[in-house]
Structures are given as C-alpha cells and as structure tokens.
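Residue strings, one per chain:
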Amino acid sequence: MATGPRLTINIRVKRFEAAPAALFENLRLDIAPSSVVALVGPSGIGKSTLLRLIAGIDTAFDGSIEIDGVRAAAASTPGFVFQDPRLLPWLTASDNIRAASPGCSEQEAHTALQRVGLATSGSLYPHQLSGGMQRRVALARALAVNARLLLLDEPFVSLDRTLVGEMHLLFSRLIAEGRPTVVFVSHLTDDAARLADRAILLDHRPARIVADIALPIPPAARDAAVLGQYRTLLDSFSGVECE
Ligand SMILES: Nc1ncnc2c1ncn2[C@@H]1O[C@H](COP(=O)(O)OP(=O)(O)OP(=O)(O)O)[C@@H](O)[C@H]1O
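Conventions used here
Residues numbered from 1 in each chain as written. Predicted model: local features only at pLDDT ≥ 70, side-chain atom pairs only at ≥ 80, totals over all residues. Pairing = 2+ DSSP bridges. Helix = DSSP H or I, 4+ residues; strand = E, 2+ residues; numbered from the N terminus. Axes fitted to C-alpha atoms, helices over the stretch in contact; angles between N-to-C directions. Contact = placed C-beta atoms within 7 Å. Near = placed C-beta within 6 Å. Nonpolar A, V, L, I, M, F, W, Y, C, P; charged D, E, K, R; others polar. Left-handed = near helix turned anticlockwise from the far one by under 90°. Core = buried A, V, L, I, M, F, W, Y, C linked by C-beta atoms within 7 Å. Buried ≥ 20, exposed ≤ 12 C-beta atoms within 10 Å, placed from the backbone. Expected span 1.5 Å × (residues − 1). Arc of directions from axis to C-beta.

### With respect to the sheet that holds strand β7 (residues 149–153)
- Spatial strand order, β6-β7-β8-β3-β9-β10: six strands in an open sheet with mixed pairing. Looking at which strands have only one partner, the edges of the open sheet turn out to be β6 (79–81) and β10 (208–214). Geometrically, the sheet is characterised by an average inter-axis angle of 15° between neighbouring strands, direction not taken into account.
- In this structure, strand β9 (residues 198–203) lies alongside β10, joined through six bridges in antiparallel fashion. Each residue of the ladder has a partner; that of L202, found in β10, is I209.
- The strands touched by helix α4 (residues 131–145) within the sheet are β6 and β7, with β6 carrying the most contacts at an inclination of about 160°.

This is the structure:
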C-alpha cells in the first residue's frame with residue numbers, strides 16, 4: 001500500500017517584512033510517513049504560513065523543510081486544499097482538476113472525482129455544483145496533484161453541520177484507503193478529534209509547540225465516548241473553540 005512521505009521541519013527563523021517579531025523561531029517538527037497531523041492554535045499564530053512553507057510556496061525563511069529528504073521547494077507539489085474551493089468558473093469540474101495537474105488525463109480526473117463521490121459530475125461547471133460538491137472537487141483536484149501528501153487549510157470552514165459530517169466521513173475513508181501524509185489546519189478541536197492521529201498545538205509569538213498530543217485510536221474506531229475524551233483533552237491544552 002502506498003504510504004505518504006516523512007516531513008522534517010526545522011525553521012530557524014520565519015519573519016514577514018515589517019512584522020515586529022518573528023513568526024517562528026527554532027520550530028522543529030518531524031512528521032512520520034502516513035500520519036495525519038492537525039495544526040491547532042489561535043488565529044494569526046502562523047498555521048497557514050506553516051502549510052505554505054511545507055508546500056514550498058513560501059521559501060523566504062531561514063532553515064530547512066524536507067519531504068522524504070528532498071527540499072520542500074524541489075519536492076513533488078503536494079495536494080493543497082484551501083479554505084475556499086477556488087475553482088475556475090469557466091472550466092468544468094474535470095477541467096479544473098486537469099488544469100491544476102499538467103499531464104492529468106480525462107480518465108485520471110474522472111478517477112479523482114470518483115474517489116470523492118462525484119463520478120457523474122465531471123462535465124458540470126462550478127455554478128452548477130453545490131457548495132459541498134465544490135469542496136469535493138477541490139479535494140479531488142488535490143488528490144490528482146499529489147495523493148501521497150495532502151495539506152489542508154481549514155477544509156471544513158463555513159460548511160453546515162451535515163456537510164461537515166459528510167466531509168469527515170469522506171476524509172476518513174480516503175485517508176484509510178490511501179495512507180497519505182496529511183497536515184491540516186483547523187480551529188475546531190472536533191476536526192482534530194475525528195480525523196487526526198496527532199495534534200500539534202501552537203501558541204505564543206514566536207509560535208511554539210505548546211502540546212504534541214497522540215490520538216492513537218484509529219478514526220474508524222472512535223465512538224462518541226472516545227471523541228468526547230479527545231475533544232476534552234485537546235480543549236484542555238488549547239482553549240480553542242469547540243463545536
Ligand atoms: N504575506 C504576508 N505578509 C505579511 N504578513 C503576513 C503574510 N501572511 C501572513 N502574515 C501574518 O503572519 C501571521 C500569521 O498568519 P497566518 O495566516 O499564517 O495565521 P493563521 O494561524 O493561519 O491564522 P487564521 O487561523 O486566522 O487563518 C499573521 O499576523 C499575518 O498577518
């Protein structure tokens with residue numbers, strides 16, 4: 001079975017020009033292959049920036065980030081899911097996927113859509129898709145780019161409760177099937193309790209890891225009692241919002 005890569009993060013300094021203080025200083029994080037890591041922390045702490053650094057989109061920092069030993073900026077592009085779907089309105093769902101992934105055939109785009117339950121929607125344009133379907137296309141697009149490493153920035157934000165539940169199930173299934181390495185940002189401990197096998201809580205400025213919590217029971221085996229325990233555990237460290 002395919003497994004995701006190892007991430008080795010060693011940020012000596014990350015500072016935005018004109019910012020009074022560094023965002024990160026001496027931040028070290030080793031992420032094991034095929035683990036699912038939730039990045040949790042207050043707004044503005046640097047979670048999205050950390051995802052962009054891992055993705056190699058932002059290279060303006062002192063230190064190194066390696067994906068299976070290869071510098072992030074030179075490694076295979078990860079699958080990235082943004083807070084909003086960012087679909088091009090003039091392209092069909094299938095062509096949106098192909099546009100993000102040069103060399104992706106129609107058949108491969110179809111397979112990616114099939115994996116997110118949209119096998120019959122490839123010829124529809126974004127305005128013909130519901131909000132939840134657009135999120136699924138965005139996920140299919142990320143899978144087509146790189147199904148081994150997924151970086152997700154608040155992938156469930158502004159979805160209603162039913163859709164969030166559906167997306168949790170979809171992610172759990174895809175993660176169990178493909179065993180990718182996943183790093184996802186969320187401000188809700190519920191997302192981490194349901195999906196992650198490790199939660200990293202960031203706080204302070206420069207941001208520090210204030211808790212590194214293992215969530216060892218596989219997501220499929222987490223019943224209401226386990227989820228309750230995990231949420232309580234995560235809230236006790238983070239003080240962040242819980243659903
Ligand atoms: N391109 C940029 N130029 C200057 N400052 C930036 C830039 N991107 C982010 N920042 C600043 O870096 C800090 C961290 O931003 P980031 O978006 O990474 O935080 P976050 O933890 O993801 O926040 P949120 O949960 O609100 O999305 C913020 O103070 C933000 O203003």
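Let us keep going from here.
### Concerning the sheet that holds strand β4 (residues 62–67)
- Ordered in space as β2-β1-β4-β5, the four strands form an open sheet in which the pairing is antiparallel. Looking at the sheet topology across the chains shown, the edges are occupied by β2 (24–31) and β5 (70–71).
- Where strand β1 (residues 7–14) lies against β4, six bridges are found, and the strand directions are antiparallel. Counted as the bridge partner of I11 is G63 from β4.
- Packed on one face of the sheet, helix α1 (residues 47–55) meets β1 and β4 and runs near 120° to β1.

### Some thoughts on the site of the ligand
- Around the ligand sit F16, A19, L23, G41, S43, G44, I45, G46, K47, S48, T49 and H187, and those are all the residues in its vicinity.
- Tallied by class, the residues present in the shell around the ligand amount to four nonpolar, seven polar and one charged.

### Let's talk about the packing of helix α2 (residues 93–100) against α4
- α4 packs onto α2 with a crossing angle of 35° between their chain directions and a minimal axis gap of 9 Å. Judged by the twist between their axes, the crossing of α2 over α4 is right-handed. Together, A93, N96, I97 and A100 of α2 and V137, A140, R141, A144 and V145 of α4 make up the contact between the two elements.

### Overview of the environment of A55
- Note that A55 resides in helix α1.
- Taking the C-alpha atoms as reference points, A55 and L150, 95 residues apart in sequence, are found 9.4 Å from one another.
- When near neighbours in sequence (up to four residues on either side) are disregarded, A55 contacts P78, F80 and L151.

### Points about the nonpolar core
- Residues V37, L39, I54, A140, V183 and A199 are the most contacted members of the largest nonpolar core, which totals 67 residues.
- Looking at this core element by element, the count peaks at eight residues for α4.
- For A140, the residues in contact, after removing those within four places along its chain, are I97, A112, L113, R115, V116 and L118.

### Considerations on the environment of L7
- In this structure, L7 sits in strand β1.
- Between the C-alpha atoms of L7 and S34, which are 27 residues apart in sequence, the distance is 10.0 Å.
- In this structure L7 touches I31, I54, I67 and T181, once residues within four positions along its chain are discounted.

### Quick look at unusual backbone geometry
- The amide bond that connects R205 to the next residue, P206, takes the cis arrangement and shows omega of -5°.
- Position of P206 relative to the elements: it lies in the loop between β9 and β10.
- Phi is positive for S34, close to 65°, though the residue is something other than glycine.
- Tracing the sequence through the fold places S34 in the loop between β2 and β3 (36–40).
- In this structure S34 comes out as buried when scored by C-beta crowding, with 20 C-beta atoms within 10 Å.
- Of note, D68 is a non-glycine position whose phi angle comes to about 50°, a positive value.
- Given 15 C-beta atoms within a 10 Å radius, D68 is considered partly exposed.

### Comments concerning helix α5 (residues 161–178)
- The terminal C-alpha atoms of α5 lie 26 Å apart, and with 18 residues this matches the ideal 26 Å at 1.5 Å per residue to within 8%.
- Listed as buried for α5 are V164, M167, F171 and I175. For α5, the arc enclosing every buried residue in end-on projection is 65°, short of the 170-degree limit, so these residues lie on one face. Summarising the geometry of α5, the exposed residues directed more than 90 degrees from the buried face are T162, A176 and E177.
- Looking at the buried positions of α5, the neighbouring elements they touch are β3, α4, β8 (181–185) and α6 (189–195).
- Count one or two residues on from α5 and you reach R179, which has phi positive near 50°.

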